[in-house]
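# Structure at a glance
Each chain is listed here by its residues.
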Amino acid sequence: MTCTRLPMLLVMAATLVGMARADDGADGPRSRPITEVLRQPLPPEDLTYAERDGLIVVAGPTFEYLVDPTTGMVARLRAARDGRDVVRLDGPARLVVGPYDTAAPGAVGETTAASRDAGRIILTTTGAMASSLAGDALPYSLTSTFYNDGVVVSEFTLRPTRDAAVAEIRHEAKATGAFRHHLHKTRDSDGMDSPWGALPEAGGSATFSTLTSCLQVFGPKAGLAIFTDRGATRATEGLDTAAARVERREGDEATVALAQHVVHEWPSPDGFRLKAGEPFTFRVGMSVVPNRPPHPRRPDLRMFAWIGDAKNPYPTDAEIHDVARLGFTLFQMHRLGTPGEPRPPADELDRVIKTVHEAGMLFIWTVNADLMYARAPGVKATRDRGEWPLWEGFNYGGRYTDAMDAYCDMLATCLASPNGLADYRVACNERMLDRYDVDGMYIDDNLAYANCKLQAEHGHPEKDYDCLIELHEMSWRRRRSLLARRPHAVLIDHCARATVLPVICDFDAHLYGEGYTFSSPEDYWARYGSLRGMDAQGCLWPGDSEPDRNATEIAYNYDLLTGGGQYMYIDWRFYPDKFPYATGVDKDEIRFVRAYNLAQYGFGMHESRPYYFAESADLFGTDAPGSYATIYRNETWGDHLVVLANMNAEAVEATLTFRSPERLGLRPGGTYAVLDVNEGKCRRVGGDELLERGIAGGRVPGGGLKLFHLRRVHEDAPRHLWGGKRISERWDPGAKSLTLELQGPPGSERSVLIAAGEGPIGEVRVDGAPAAFQLDAPARVVHGKVRFGPAPVRVEVFASPAGRGGPPEGPVPPEDLPAR
């Protein structure tokens, strides 16, 4: 079958990303400031409906479902990345009900489109499953809701015309894709303890005999999940209720048959029975990633959270600028109140948002997936009417308070947002967007809990129910509402260890490292690298009161080895004297935050391609046990940033060697400037020597890292090396002058390093005024401090007339990092 729309959308997305990365003008490459990239609208996420070759086609931005109109079942599915299928179904999905099977010959039915919205398409089917017994059939109705986030939820109602003992109701789908691991969530847990691991070898299976909610296979490029709301509603102990059976593994691909049981018993006259005239309803579903085109801002979504306390609920302007000068791009207010109803003094919020935007950041409002402020007008009205059980939840015992902030008085609500609660939540969000210039939302505790005690009042299908399907619906509605008013909106969730696809697929970033220590980079990549499959950003929480957490220094190892921009920070750690609530604050940790955030800011992660340690053994390697490397190539400028990390407790001497340098964009010949960013030492190396000998990293501290910057330089002219984000660079050979546009966080001051050409440097000007630069003669680097403002600064470097004068000599200063 030919598909034309999906590749065209992928090309469109690639074009948008390219536009964000560079604008090649007549004077050479030009980068877009990160402040612009952050506000670039997201690529389209709409669905389309078509009928082709006897099938119904529901196509999203990166995926398409093809539906058999006779059965209403998904007949084919594919999801693509970079023009290549990374998920595809091997045959139709099936529903097996005892002797009845949607895939059996003789099925009859008809499917119509009940709704064809851009965000959601609903198909309804009336049909009958054929049986292995001649002349027998099982009537059913089916409503399938396809979402533009790659999720489909199918509600089956079986309508038996005679009594029948049914030992099995099974939903299954077999797919081939870039899968490496599996995960299984039960419907009586929140998913934090979901068993997961590497896929078995071909012929092997991962089987489960518990209550089942979601079963998924995933990897850094793709993922597929099946789920149900009534998994193992009847099951014999010891029989499988969910299984992932691996049929083939070849290279990056695996063919896996996924199955979940609503019913699985030994055949018995006393077993589960369908009764004539009594409908039996349950839901099954699928979730596929990639589910949307990537946005270039992802690795630059560095988030700071303001928690505050009763005395200091709002930050001062100076504190907001302090945060921006650390290189953060998202400013989250964690306890702001009900969306649209900010906490007192409410007039402060306009000032805060204005300052956040002036500082070049986006403003993020926090809500909880289940908690709501007791002061919320809708909550108070519902309680006053005596109708609180319609919304009531039971997380945190039903109520959450915090001793250091009396305003933080929140009531638990049901995760399913039943009985009009979902509408109220959306209405609050829309009021917030109408009143305030908010750029996105952070959803705390976005976990499919199973603690609701009000099955009848909330319409839950089972007593033990995790509300997964309704939680997804709420997240989808929130995303649609936000993007309708803020096309650049950012949605972040706190999923912790529960990386369950249909729960988290509507978010652009995920907080998963809340105070937990990770065992190794390999383990971290295997579990959380899967978020790359949905092109989402990660967030590493620094910890507040948790005793078990990663220290800031080693957290940046995980961050920079796996994509960058993940280490978030909080006011309780930034201002420990003002907020004495966090534990284990190291007085030096802010220096790591500043150094490594600004290194990423200056290199331009949003326009760079990563070569991850876990995927690049054929490209490069390190010689010291316990050392790792990841390399980033700036696709606009051709620079490279080398991350050399040491996961050992003790320091090691480490060298990085190149194995396929041409695939990294490194070329033989010519000259490279190799800058040790940590130590401020720069040397020039011939391209042949660099590719042959690699980079001698020297001593890498225990639990720490070193950064190296590589740029190909030319002897005929100076070139910018480091410090500030390079926006443009132009050499005028007639005037013998270099003109740079550099961007940095407003109010920040950084050392700008310029590689000298063969001629002597004369004067350096910053925004037209003479600047105090120095010459590191052995390194042939001119350097000086530059203070950045809201707009990029203009740095001009002039050749010395007749070789006289020029900057005074002085060494390049090292990065401000603690001695280790």
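This text follows the structure it describes.
Report on the accompanying structure.

### Examining the overall build of the protein
In terms of regular secondary structure, the protein is built from 14 helices and 54 strands. Taking 28 Å as the expected radius of gyration for a compact globule of 820 residues, we find that the protein reaches 29 Å, a close match to that expectation. On the principal axes, the C-alpha backbone points of the protein span a range of 100 × 60 × 50 Å. Considering only contacts within the protein whose residues lie at least 6 apart along the sequence, 74% involve residues at least 24 apart. Carbon and sulfur atoms form 50% of the exposed surface of the protein, whose accessible area is close to 29,200 Å². Between the mean site of the 91 positive side-chain charges and the mean site of the 111 negative ones, the protein shows a separation of 2 Å.

### Some remarks on the pattern of salt bridges
Enumeration according to the criterion identifies 69 salt bridges in this entry. Note that glutamate 387 is salt-bridged to arginine 385, the shortest N-O span being 3.0 Å. Of the charged contacts, one joins glutamate 715 and arginine 780 as a salt bridge, the two residues approaching to 2.8 Å between their closest N and O atoms. Here glutamate 715 is found in the loop between strand 45 (705-713) and strand 46 (719-722), whereas its partner arginine 780 is found in the loop between strand 52 (774-776) and strand 53 (781-787), with 65 residues between them in sequence. Its relative accessible area of 30% is what places arginine 780 among the partly exposed residues.

### Remarks on empty space enclosed by the protein
For the structure on display, the rule yields eleven cavities of 30 Å³ or more. In this structure, the largest cavity occupies an estimated 130 Å³ of space. What lines the largest cavity is a set of 15 residues, and nearest its centre among them are Pro339, Val367, Leu371, Met372 and Arg425. Split into classes, the residues belonging to the lining of the largest cavity amount to eight nonpolar, five polar and two charged.

### What about the pairing of strand 17 (residues 214-218)?
Most of strand 17 is tucked away: five of the five residues are buried. By the alternation rule, side chains of strand 17 split into Cys214, Gln216 and Phe218 and Leu215 and Val217, which are all buried. Of the strand pairs in this sheet, strand 14 (residues 181-185) and strand 17 are connected by five bridges, and their pairing is antiparallel. Each residue of the ladder has a partner; that of histidine 181, found in strand 17, is phenylalanine 218. Two elements, strand 17 and strand 18 (residues 223-228), share five bridges in a ladder whose sense is antiparallel. Opposite leucine 215, over in strand 18, you have isoleucine 226 as the bridge partner. Joining the antiparallel neighbours strand 17 and strand 18 is a turn of four residues.

### Overview of helix 6 (residues 421-435)
Over its 15 residues, helix 6 runs 21 Å from end to end, which matches the ideal 21 Å to within 8%, given 1.5 Å per residue. The complete set of buried residues in helix 6 reads Leu421, Ala422, Tyr424, Arg425, Val426, Cys428, Asn429, Met432 and Leu433.

### Examining the sheet that holds strand 41 (residues 652-658)
Within the open sheet, the three strands sit side by side as 38-41-44. Their pairing is antiparallel. Unpaired on one side and paired on the other, strand 38 (620-622) and strand 44 (695-700) mark the two borders of the sheet. Strand-to-strand twist in this sheet, taken as the mean axis angle between neighbours without regard to direction, amounts to 15 degrees. With three bridges joining them, strand 38 and strand 41 adopt antiparallel strand pairing. Across the sheet, residue phenylalanine 620 finds its bridge partner in strand 41, namely phenylalanine 658.

### A word on the sheet that holds strand 40 (residues 640-646)
In spatial order, the strands read 37-39-40-45-42-43; together these six strands make up an open sheet with antiparallel pairing. What marks the edges here is a single partner per strand, and that holds for strand 37 (608-611) and strand 43 (681-686). Strand-to-strand, the axes of this sheet are offset by a mean angle of 20 degrees, without reference to chain direction. Sitting on the sheet, helix 13 (residues 589-603) touches strand 37, strand 39 (627-634), strand 40 and strand 45, and the angle it makes with strand 45 is about 20 degrees.

### Considerations on the environment of alanine 526
Mapped onto the fold, alanine 526 is located in helix 10 (residues 521-528). Residue alanine 526 is classed as buried on the basis of its relative accessible area of 16%. As for alanine 526 and lysine 453, which are separated by 73 residues in sequence, their C-alpha atoms are 36 Å apart. Other than its neighbours up to four places away in sequence, alanine 526 contacts His181, Trp196 and Phe218.

### A few points about the layout of surface pockets
In this structure, the second largest pocket encloses a volume near 460 Å³. Along its surface, the second largest pocket is lined by 26 residues, and His334, Arg335, Tyr400, Asp444 and Asp544 are the ones closest to its centre. Of all the secondary structure elements, the ones that give two or more residues to the lining of the second largest pocket are strand 28 (362-368), strand 29 (371-373), strand 30 (399-402), strand 31 (405-412) and strand 32 (440-444). Classifying every residue of the lining of the second largest pocket gives 14 nonpolar, five polar and seven charged.

### Some details on unusual backbone geometry
Phi is mostly negative for residues that are not glycine, and the peptide bonds are mostly trans. Cis geometry marks the peptide bond from valine 289 to proline 290, where omega comes out at 10 degrees. Tracing the backbone shows proline 290 in the loop between strand 23 (280-289) and strand 24 (303-306). Cis geometry marks the peptide bond from proline 344 to proline 345; its omega dihedral reads -10 degrees. You can see proline 345 is positioned in the loop between strand 27 (341-342) and helix 4 (348-358). For alanine 496, which is not a glycine, the phi torsion comes out positive at approximately 50 degrees.

### Some thoughts on helix 5 (residues 377-384)
Buried within helix 5 we find Gly378, Val379 and Thr382. Seen along its axis, helix 5 keeps its buried residues to an arc of 100 degrees; they face one direction. Those residues of helix 5 hidden inside the fold are in contact with strand 29, strand 31 and helix 6. The first or second residue beyond helix 5 is glycine 386, which carries a positive phi of 75 degrees.

What counts and how
- Residues numbered from 1 in each chain as written.
- Predicted model: local features only at pLDDT ≥ 70, side-chain atom pairs only at ≥ 80, totals over all residues.
- Heavy atoms only, no water.
- Helix = DSSP H or I, 4+ residues; strand = E, 2+ residues; numbered from the N terminus.
- Rg over C-alpha atoms; globule rule 2.2 N^0.38 Å.
- Contact = heavy atoms within 4.5 Å.
- Areas by Shrake-Rupley, 256 points an atom, 1.4 Å probe, with all protein chains shown as cover.
- Lys, Arg positive; Asp, Glu negative; His and termini not counted.
- Charge placed at Lys NZ, Arg CZ, Asp CG, Glu CD.
- Salt bridge = Lys/Arg side-chain N within 4 Å of Asp/Glu carboxyl O.
- Buried < 20%, exposed > 50% of the residue type's maximum accessible area, 1.4 Å probe, protein only.
- 1 Å grid on protein atoms, 1.4 Å probe; cavity = no way out; pocket = protein on both sides within 12 Å on 5 of 7 lines; lining within 4 Å.
- Points joined across faces, edges and corners; volume = space filled by probe spheres on them.
- Nonpolar A, V, L, I, M, F, W, Y, C, P; charged D, E, K, R; others polar.
- Pairing = 2+ DSSP bridges.
- Expected span 1.5 Å × (residues − 1).
- Axes fitted to C-alpha atoms, helices over the stretch in contact; angles between N-to-C directions.
- Arc of directions from axis to C-beta.

Limitation: the analysis is restricted to geometry and does not speak to function.
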